[in-house]
Amino acid sequence: MLLTTIAGSLPKPSWLAKPRMLWAPWNLSGPELAEAKRDAVLVALGEQEAAGIDIVSDGEQSRQHFVHGFLEAIDGVDFARRVTIGIRADRYKAEVPTVTGPLVRRRAVHADEVAFARAHTTKKLKFTVPGPMTIVDTLADEHYRDRRRLAMEFARVINEEARELVAAGLDVLQLDEPAFNVYMDDVAAWGIEALHRAIEGLACTTAVHICYGYGIKANVDWKGTLGAEWRQYEHTFPLLARSRIGQVSLECANSRVPLALLGLLAGKDVLVGCIDVATEKVETPDDVAATIRRALEYVPAARLFPCTNCGMVPLPRDVARAKLRALGAGARLVRAELGAS
Ligand code: ZN
C-alpha cells in the first residue's frame, strides 16, 4: 500500500538541455541527442529507484515540452506556423503551432521511449501524454475551429498512440489535463467524453493528472488570485468519480485545496501530491508523512498513492533528487505506522 509515484517530469541534465526552463533548447543534435536522451532516461530511472519510488516514469527526458513533444509526429499540426497566444484562459503566453488540416498520426511518437524505459527498470512504468483538452488549449486552430471537435480528434490520435505504448510495455498511461482546472464547464460538456475516447479499449491502468501548473511565476501569481480555498476540483471530481478513468493525480502539498474534496473521488485511486514543485525548499520525510496522514482521512490506504504535485522539470536537479528521496522516505514512515511494508 501507499505505492509512490511522480506526476511525470524530472529536470534534465545540463549536458542534455538548458536547465531551469520550460521549452529548453537541446544542447545536442542528431545521433548525439538521441544517445544523450537515452542516457538521461537511465539517470532518471536510477534516481527514482534509489529514492524508493514504486511506479517510475522516464522523467520526460526525451521531449522538449509535455504537450508539443507529442504533436511533432502528427500531420495537420504545422510547426512552421507558430503563433503566440494566451493559454490557460490567457494566464500566460506561449508560442504554439497551428492546426491547418486533418489530424493524422504518421508514426508512433513515444513507443521507442517506452520500450527503452521498460527494458531498463523492473519497476512498474508510467508514461504521460497530454490530454485532449490541454492539447487543444496549447495550439492555434485554423482547421476544425471547434474545441470539442478538435479534442475528440486528438483523443482518437492519443488512443492510437496509447495502444502502441501498452504493447511496448507501459503499466500506467497518464493523461495530463491541467486545463481541467481552468475550463470546468468544458470538462462537463466534453472533457470527460474526450478522456473516454482516449482510453478506449486500453489494457493498462489509466490516470488523469489535474494540477495548478508548474511552479513558474505566472502560475504562482494566478494561484494568488484563487482565494483562501481552491475549489476547482469540486466541479471535476464528481464527474471523474463516475468516469472510466482509474486514477486521479492532484495537487495537495502547500496548496489551498480543501482535502475534504478528496472524498469526492470515492472508488478511484488517488495520487496525492505530497511534494510542492513551486518551491526549492525540500520537504522532510515528516512533511510528506503529514500530508499522507491528512489525505488518509478521506482516501483509503489501498487507494492512496503518494506523488508530486506536478512535474519537477523546472527545478534544480539536486532539489528534485532530494524531493524524490523525501517522498520515498515519507511514504515508508506511514507504511510502518500502518504495519505494512
Ligand atoms: Zn501538473
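The notes below deal with the structure included here. (Residues numbered from 1 in each chain as written. Predicted model: local features only at pLDDT ≥ 70, side-chain atom pairs only at ≥ 80, totals over all residues.)

Description of helix 10 (residues 317–337)
In plain terms, the rule: Runs of E in the DSSP output that reach at least two residues are strands. Runs of H or I that reach at least four are helices, and both are numbered from the N terminus. In this analysis, the expected span of each helix is defined as 1.5 Å times one less than the number of residues it contains. Burial is judged by counting other C-beta atoms within 10 Å of a residue's own C-beta: 20 or more means buried, 12 or fewer means exposed, and anything between counts as partly exposed, with every C-beta placed from the backbone. Distance between backbone-placed C-beta atoms decides contact: two residues are in contact if it is within 7 Å.
Here helix 10 is 21 residues long and its end C-alpha atoms lie 31 Å apart, about the 30 Å a rise of 1.5 Å per residue gives. For helix 10, the complete set of buried residues consists of Ala-320, Arg-321, Lys-323, Leu-324, Ala-326, Leu-327, Gly-328, Gly-330, Ala-331 and Val-334. For helix 10, the elements touching its buried residues are helix 1 (30–51), strand 9 (269–275), helix 9 (285–296) and strand 10 (304–308). Residue Gly-339 follows helix 10 closely and has a positive phi angle near 75 degrees.

Some remarks on the sheet that holds strand 8 (residues 247–250)
Strand pairing in a sheet takes place through backbone hydrogen bonds and is either antiparallel or parallel in direction. Quick reminder of the rule: A pair of strands is considered paired only if DSSP assigns at least 2 bridges between the two.
With parallel pairing, the 7 strands of this open sheet are ordered in space as 1-4-6-7-8-9-10. Edge strands, defined here as strands with exactly one partner in the open sheet, are strand 1 (55–56) and strand 10. By the bridge criterion, 5 bridges tie strand 6 (residues 172–176) to strand 7 (residues 205–210) in an arrangement that is parallel. Each bridged residue has a counterpart across the sheet, and for Leu-173 the counterpart in strand 7 is Thr-206.

Points about the sheet that holds strand 3 (residues 92–105)
Going by this rule: Helix axes are fitted only over the stretch in contact, all axes being lines through C-alpha atoms; the angle between N-to-C directions runs from 0 to 180 degrees.
Taken together, 3 strands build an open sheet; the order of strands is 2-3-5 and the sheet is mixed. A strand with exactly one partner marks an edge of an open sheet, and here the two such strands are strand 2 (74–87) and strand 5 (140–141). Examined bridge by bridge, strand 3 and strand 5 share 2 bridges and lie parallel to one another. Looking at strand 5, one finds that Val-99 is bridged to Asp-141. On the sheet, helix 5 (residues 147–167) packs against strand 2, strand 3 and strand 5 and is oriented at approximately 75 degrees with respect to strand 3.

Looking at unusual backbone geometry
Positioned with a positive phi, Arg-20 is a non-glycine residue whose angle comes to about 65 degrees. Locating Arg-20 in the fold gives a position in the segment before helix 1. With 13 C-beta atoms packed within 10 Å, Arg-20 lands in the partly exposed category. Look at Arg-88: it is not a glycine, yet its phi comes out positive at around 55 degrees. By C-beta crowding, Arg-88 is classed as partly exposed, having 19 other C-beta atoms within 10 Å.

Everything listed here is a matter of geometry and, on its own, says nothing about what the molecule does.
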